[in-house]
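Overview (structure and organization)
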Amino acid sequence: MLGFRHESLGKDGVTTDSTAVQSSQNATHSGAPEQYWIERKKYLEKIKQVPELRKRFFSSLLVYLLRRFLWSFGFFPVFLSFWLPLVLNRFNPVATVSSLLPSLENFVNSNPQVQANTIETLFIAWFSVGFIFAIFDFVLTPYKSPYEYEADVHMRAWEELQNSNEK
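Residues numbered from 1 in each chain as written. Predicted model: local features only at pLDDT ≥ 70, side-chain atom pairs only at ≥ 80, totals over all residues. Heavy atoms only, no water.

Observations concerning the overall build of the chain
Heads up, the condition is: Here a helix means four or more residues in a row that DSSP labels H or I, a strand means two or more in a row labelled E, and each is numbered from the N terminus. Note on definitions: a residue-residue contact is assigned when non-hydrogen atoms from the two residues lie within 4.5 Å. Reported accessibility uses the Shrake-Rupley method at a 1.4 Å probe radius. Residues are deemed covered only where the shown protein chains occlude them.
Helix and strand counts for the chain come out as six helices and zero strands. Of the regular secondary structure in the chain, the N- to C-terminal order runs α-α-α-α-α-α. For the chain, restricting intrachain contacts to residue pairs at least 6 apart in sequence, the fraction spanning at least 24 positions comes to 72%. In the structure as shown, the chain presents an accessible area of about 12,800 Å², 66% of it carried by carbon and sulfur atoms.

So, in C-alpha cells, the structure goes:
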C-alpha cells in the first residue's frame, strides 16, 4: 500500500493511543494517508467513466490473459517434453530418438483404443503441467490495470502538489 502506515499503529503493528501519535506528528501531516486514499478513490471512480480507458482496460486484460495462457500451456509443457528426455539421455539426441522409437512404433501398431488412451494421458499431462504453471504465472506476474497506472501517475502529481503547498 505504497508504504503508508496507519497513524494509530506503532512500529510493531500494535495500536497506540491516538493523542500520543497526534502530538508527535505535525498538524499538516496528520491526515495525509487518509487524504491520499480518498483522492485516489475519487480519481479511480472518475476515470472508470472514460470510454477509451475502459477499452484499453479490456484490451490489456485480454492481452495479459492470452500471454499468460500461451506461456503456461504453450511454452512450458512443450519445453519440458523436449528437455526432460534430453536430460535423461545426457543431452545425446541420438540416444533420445533411439529410446523413443520403440515407444512410437508400439503406439502406431497398437489398436485404436490404446492409442486413444495414450493420447488422453498425454493431454492430461499437458493440461496439468500447463495449469500448474498458469497458477504460478498468475501469482508471480499479477495484472496491472491501466486504471491503476493512471491513478499512480495522478497520485504522484498530487503528492508533488501537496508537498509544494506545504513549503
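Continuing now.
Some details on the nonpolar core
Filter applied, for reference: Residues grouped as a nonpolar core are buried Ala, Val, Leu, Ile, Met, Phe, Trp, Tyr and Cys residues, joined through side-chain atoms within 4.5 Å. The cut-offs for exposure are 20% and 50% of the maximum accessible area for each residue type, with area from a 1.4 Å probe on protein chains only; residues under the lower value are buried, those over the upper are exposed, and the others partly exposed.
One finds Tyr43, Leu44, Ile47, Leu53, Phe57, Tyr147 and Ala151 forming the largest nonpolar core, which totals seven residues. Among the elements of the structure, α2 (32-47), α3 (51-88) and α6 (146-166) are those that each provide at least two residues to this core. In terms of residue count, the dominant contributor to this core is α2 (three residues). The contacts of Ala151, once residues within four sequence positions are left out, are Arg40, Tyr43, Leu44 and Ile47.

Focus on α3
The line we're drawing: The span you would expect from a helix comes to 1.5 Å times its residue count less one. In this scheme, the bend at a residue equals the angle between the axes fitted to the seven residues that finish there and the seven that begin there.
Over its 38 residues, α3 runs 54 Å from end to end, which matches the ideal 56 Å to within 8%, given 1.5 Å per residue. Trp71 marks the point of greatest bend in α3, at about 30 degrees. Taken together, the buried positions of α3 are occupied by Leu53, Phe57, Tyr64, Arg68, Ser72, Phe73, Phe76 and Pro77. The elements touched by buried residues of α3 are α2, α5 (112-140) and α6. Looking one or two residues beyond α3, the residue adopting positive phi is Arg90, at roughly 55 degrees.

Topic: unusual backbone geometry
Phi at Arg90 is positive, roughly 55 degrees, even though this residue is not glycine. Along the polypeptide, Arg90 turns up in the loop between α3 and α4 (93-109).

Here we look at the pattern of salt bridges
Side chains that differ in charge, positive against negative, can pair when their charged atoms come close. Spelled out, the test is: By definition, a salt bridge exists where a carboxyl oxygen of Asp or Glu is found within 4 Å of a side-chain nitrogen of Lys or Arg.
Under the defined criterion, the tally for this structure stands at five salt bridges. Across the salt bridge formed by Arg40 and Glu148, the nearest N and O atoms sit 2.6 Å from each other. In this pair, Arg40 sits in helix α2 while Glu148 sits in helix α6, placing the two residues 108 residues apart along the sequence. Between Lys144 and Asp152 there is a salt bridge, with the nearest N and O atoms lying 2.7 Å from each other.

Section: the side chain of Arg68
Using the following cut-off: We call two N or O atoms a polar contact when they sit within 3.5 Å, provided that within protein one can donate a hydrogen and the other can accept it, with sequence-adjacent residues counted only if both atoms are side-chain atoms.
Topologically, Arg68 is positioned in helix α3. Under the relative-accessibility criterion, Arg68 is labelled buried at 15%. At 3.0 Å, the side chain of Arg68 and the side chain of Asp137 are in polar contact. If we skip the residues at most four places from it in the chain, Arg68 touches Asp137, Phe138 and Thr141.

Remarks on a nonpolar patch on the surface
Note the cut-off: Patches here are clusters of residues that have more than 30% relative accessible area and form no salt bridge, with a 9 Å joining cutoff for like charges and a 5 Å cutoff for nonpolar side chains (Val, Leu, Ile, Met, Phe, Trp, Tyr).
On the surface, a nonpolar cluster with roughly 1,000 Å² of combined accessible area is contributed by Phe123, Ile124, Trp126, Phe127, Phe131, Ile132, Ile135, Phe136, Val139 and Leu140. Structurally, Ile135 can be placed in helix α5. Look at Ile135 and you get partly exposed, because its relative accessible area is 42%.

Distances and angles like these do not, on their own, reveal function.
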